[in-house]
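So the chains spell out like this:
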Amino acid sequence: MKKAFWILLFGVVGNVFAEDPTDWMSEARVGVFTHYLPGNPEQFANLSQYDPEAVAEQMASLGVKYFVFTIFQNSGYMNAPNAEYCRVTGYAAGEKCSTRDVPMELADALSRRGIRLVLYVTGQCPNRDARAQKAFGLNPGPKDQKLDVAFAQKWAKVLQEWSDRYGTKVSGWWMDGCYQWVDFNEEIAAIYAGALKHGNPDAMVAFNPGVRRAEWKTSDYTAGEINEPFAETATSRFNAAGQQTQILTFLGTSWARPDERFTDVQWVDWIRGITNVGGAVTLDARPETNGTLNDAQFRQLKAITEQILTEK
């Protein structure tokens with residue numbers, strides 16, 4: 001949506017339209033998400049096989065204009081360097097945080113093809129790394145932990161390091177784990193938003209409250225995590241809070257599964273209902289070791305994008 005501003009110039013009132021920072025997502029219509037999450041030392045070592053150029057070329061072949069990549073999740077292994085995280089936890093560079101900067105390489109490869117990068121992070125430190133939990137002042141244990149402002153201020157420094165490093169190479173952030181039952185709130189969201197936008201004020205942020213359509217008001221676009229897509233609809237580009245409509249769901253039978261659960265026609269019909277009103281749909285697919293998609297899921301995504309992205 002273009003936002004109108006009235007100005008007086010040389011005695012004439014004019015209507016000047018400023019670009020909304022979420023316009024690009026609405027225009028993109030469809031994006032791809034992959035959970036690339038090392039869970040042990042062997043999988044972490046496989047990060048050396050990740051091929052940003054091959055991933056970017058696949059996305060270009062699909063015609064999508066944004067791609068979501070996970071920096072980390074629960075295990076504590078991170079697909080990017082972070083000196084602040086190492087400082088707080090005492091881990092050496094390369095022990096849990098990769099010395100290879102995959103997001104930077106991926107951002108450059110995607111950018112050369114006109115595709116934006118969105119990064120996935122969490123609002124909690126890894127909940128399967130007791131050492132990290134303790135270092136950041138949380139109770140160690142393999143579960144979600146209660147958050148507070150003191151923790152958020154520490155965690156924001158980790159987030160800001162990535163934000164400052166990637167700057168305008170990253171167009172958006174999708175933050176997981178922003179649940180009411182861990183005492184996440186708007187004050188914490190504002191702290192995180194400040195950190196994530198520090199390197200690029202135009203970067204969009206979304207804070208995921210869980211598998212439900214309620215959203216934190218600090219989000220620029222809806223996190224939109226859903227399991228059953230056909231039960232969801234959209235009636236406009238923006239929700240009541242003025243957030244860009246975005247729905248995230250999985251292509252396979254669950255998150256990061258390599259199979260297919262619906263036909264091409266079913267997906268196209270449902271996605272069209274979202275994109276026709278200005279919303280966007282992001283589809284999670286299973287990455288191979290080098291980051292690319294398997295033939296079956298690539299074929300289905302191609303069938304979807306050939307329909308949706310060629311429609312006026």
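Predicted model, so just to flag it, every value in this text is computed and none were measured.

(A) Representation of the overall build of the chain in the model. The helix and strand tally for the chain stands at ten helices and nine strands. Taken along its principal axes, the extent of the C-alpha atoms in the chain is 60 × 55 × 35 Å. At a minimum sequence separation of 6, the contacts of the chain that also span at least 24 residues come to 68%. About 13,200 Å² of surface is accessible on the chain, with carbon and sulfur atoms providing 52% of the total. Side-chain charges of the chain comprise 31 positive and 37 negative groups, with the mean position of each set lying 2 Å from the other.

(B) Layout of the packing of aromatic side chains. For the structure on display, the rule yields 25 aromatic pairs. A centroid spacing of 4.3 Å and a plane angle of 40° characterise the contact between Phe230 and Phe262, whose relative ring orientation is tilted. Of this pair, Phe230 sits in the loop between β7 (204-207) and β8 (246-250) while Phe262 sits in the loop between β8 and α9 (264-275), and the two are 32 residues apart along the sequence. An aromatic cluster is present here, built from Phe72, Tyr85, Phe136, Phe151, Trp155 and Trp162 joined pairwise through their rings. A cation sits over an aromatic face here: Arg131 above Tyr91, 4.0 Å from the ring centre. Cation over ring: Arg165 sits above Tyr166, and NZ or CZ is 5.8 Å from the ring centre.

(C) Main features of the pattern of salt bridges. The full count for this structure, using the stated rule, is 18 salt bridges. A salt bridge links Arg165 to Asp101, with the shortest nitrogen-to-oxygen separation between them at 3.7 Å. Taken together, the positions of Arg165 in helix α7 (residues 149-166) and Asp101 in the loop between α4 (83-89) and α5 (102-111) put the pair 64 residues apart, joining distant regions of the chain. Taken together, the shared-partner salt bridges connect Glu53, Glu57, Arg112 and Arg113 into one network.

(D) Just helix α8 (residues 186-196), in detail. Buried within α8 we find Ile188, Ala189, Tyr192, Ala193, Ala195 and Leu196. The buried residues of α8 occupy an angular sector of 160° when projected down its axis, which confines them to one face. On its buried side, α8 packs onto α7, β6 (170-176) and β7. Of the residues flanking the start of α8, the one acting as N-cap is Asn185, its side-chain oxygen 3.0 Å from the backbone nitrogen of Glu187.

(E) Up close: helix α10 (residues 295-308). Taking 1.5 Å per residue as the helical rise, α10 with its 14 residues ought to reach 20 Å, and the 20 Å between its terminal C-alpha atoms agrees with that figure. Among all positions in α10, only Gln297, Gln300, Leu301, Ala303, Ile304, Thr305 and Ile308 are buried. Buried-residue contacts for α10 involve β3 (30-34), α3 (52-62), α9 and β9 (280-285). Measuring from the backbone nitrogen of Ala296 back to the side-chain oxygen at the start of α10 gives 3.1 Å, which picks out Asn294 as the cap.

(F) Structural view of the sheet that holds β6. With respect to topology, seven strands assemble into an open sheet ordered β7-β6-β5-β4-β3-β9-β8, the strand pairing being parallel. With partners counted over all chains shown, the strands left at the sheet margins are β7 and β8, one partner each. The mean inter-strand angle of the sheet, taken between neighbouring strand axes irrespective of direction, is 20°. In the sheet, β3 pairs with strand β4 (residues 66-70) via three bridges, with the strands oriented parallel. Within β4, the residue paired with Val32 across the bridge is Phe67.

What counts and what doesn't
- Residues numbered from 1 in each chain as written.
- Predicted model: local features only at pLDDT ≥ 70, side-chain atom pairs only at ≥ 80, totals over all residues.
- Heavy atoms only, no water.
- Helix = DSSP H or I, 4+ residues; strand = E, 2+ residues; numbered from the N terminus.
- Contact = heavy atoms within 4.5 Å.
- Areas by Shrake-Rupley, 256 points an atom, 1.4 Å probe, with all protein chains shown as cover.
- Lys, Arg positive; Asp, Glu negative; His and termini not counted.
- Charge placed at Lys NZ, Arg CZ, Asp CG, Glu CD.
- Phe/Tyr/Trp six-rings, centres within 6.5 Å; stacked < 30°, edge-to-face > 60°.
- Lys NZ or Arg CZ within 6 Å of the ring centre and 35° of its normal.
- Salt bridge = Lys/Arg side-chain N within 4 Å of Asp/Glu carboxyl O.
- Buried < 20%, exposed > 50% of the residue type's maximum accessible area, 1.4 Å probe, protein only.
- Arc of directions from axis to C-beta.
- Polar contact = N/O pair within 3.5 Å; in protein donor to acceptor, adjacent residues only side chain to side chain.
- Expected span 1.5 Å × (residues − 1).
- Pairing = 2+ DSSP bridges.
- Axes fitted to C-alpha atoms, helices over the stretch in contact; angles between N-to-C directions.

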